[in-house]
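Overview (structure and organization)
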Amino acid sequence: MEHWKRTIERANRHFMQGEFVDAREAYLQALALAQVLFERWADADEAVAACVISHHNLADLHLRLNQPEESAEYLCAIHQRLLQTMQDSRLAPALREAALRQSSKTYVELLNFISEHGEYPRTHRLLHMDAASPRHPPVPLQHGVH
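Now for a quick tour of the structure. A quick note: this is a predicted structure, and the numbers were derived from the prediction, not measured.

1. Some thoughts on the nonpolar core
By size, the foremost hydrophobic cluster in this structure holds 40 residues, and its most contacted members are Trp-4, Tyr-27, Val-48 and Leu-95. In terms of residue count, the dominant contributor to this core is helix H3 (residues 44-64) (10 residues). Leu-95 has contacts with Phe-38, Glu-39, Ala-44, Ala-47, Val-48 and Thr-85, leaving out every residue within four places of it along the chain.

Right under this line is the structure:
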């Protein structure tokens, strides 16, 4: 977790300084760490949050670069990953529950993105897939993750 945190902090510094190529590289490194460690992290909430933050930071970066379709891809990728995690009975219950809690955040981020930037092919497919799946009880929104 500490290595991931240092990598995200470095990426954030680059982002704030307008060094977008370096920021993207560091965000991609953080995302790779989060994905590799997703099922191995001792704290399921931290594992899911790291994955969400990594994706959302990359989405924010691509918006700054005026690449909304790339941003949509990252927002959809994490929401879809959480939906799949929630349904995967092979995964630890704590990880599945953490994914459920964070999925409300990723869903709201997707809806906010669409209201500002319009729909893209992947957002359309994902939201129609989500609409066809059984609904889960409402989950209170967690505090900001990125």
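That shown, we press on.
2. Notes on unusual backbone geometry
Note on backbone geometry: most residues besides glycine have negative phi, and most peptide bonds are trans. With a phi angle near 60°, Asn-66 is a residue other than glycine that sits in the positive phi range. As for its position among the elements, Asn-66 is in the loop between H3 and helix H4 (68-87).

3. Section: the packing of helix H2 (residues 20-37) against H3
The N-to-C vectors of H2 and H3 enclose an angle of 160°; their axes lie 9 Å apart at closest approach. Relative to H3, H2 is oriented roughly antiparallel. When you trace H2 past H3, the crossing you get is left-handed. Contacts from Phe-20, Ala-23, Arg-24, Tyr-27, Leu-28, Ala-30, Leu-31, Ala-34 and Gln-35 of H2 reach H3 at Ala-50, Cys-51, Ser-54, His-55, Asn-57, Leu-58, Leu-61, His-62 and Arg-64. Of the residues contributing to the contact of H2 with H3, the split by class is 11 nonpolar, five polar and two charged.

4. Here we look at the pattern of salt bridges
Counting across every chain of the model gives four salt bridges. Notably, a salt bridge pairs Arg-90 with Asp-88, separated by 2.9 Å at the nearest N-O pair.

5. A closer look at the environment of Ala-59
Within the secondary structure, Ala-59 is located in helix H3. Sequence separation of Ala-59 and Glu-69 is 10 residues, and the distance between their C-alpha atoms is 9.3 Å.

The rules behind the values
Residues numbered from 1 in each chain as written. Predicted model: local features only at pLDDT ≥ 70, side-chain atom pairs only at ≥ 80, totals over all residues. Heavy atoms only, no water. Core = buried A, V, L, I, M, F, W, Y, C linked by side-chain atoms within 4.5 Å. Buried < 20%, exposed > 50% of the residue type's maximum accessible area, 1.4 Å probe, protein only. Helix = DSSP H or I, 4+ residues; strand = E, 2+ residues; numbered from the N terminus. Contact = heavy atoms within 4.5 Å. Axes fitted to C-alpha atoms, helices over the stretch in contact; angles between N-to-C directions. Parallel < 35°, antiparallel > 145°, perpendicular 65-115°, else oblique. Left-handed = near helix turned anticlockwise from the far one by under 90°. Nonpolar A, V, L, I, M, F, W, Y, C, P; charged D, E, K, R; others polar. Salt bridge = Lys/Arg side-chain N within 4 Å of Asp/Glu carboxyl O.

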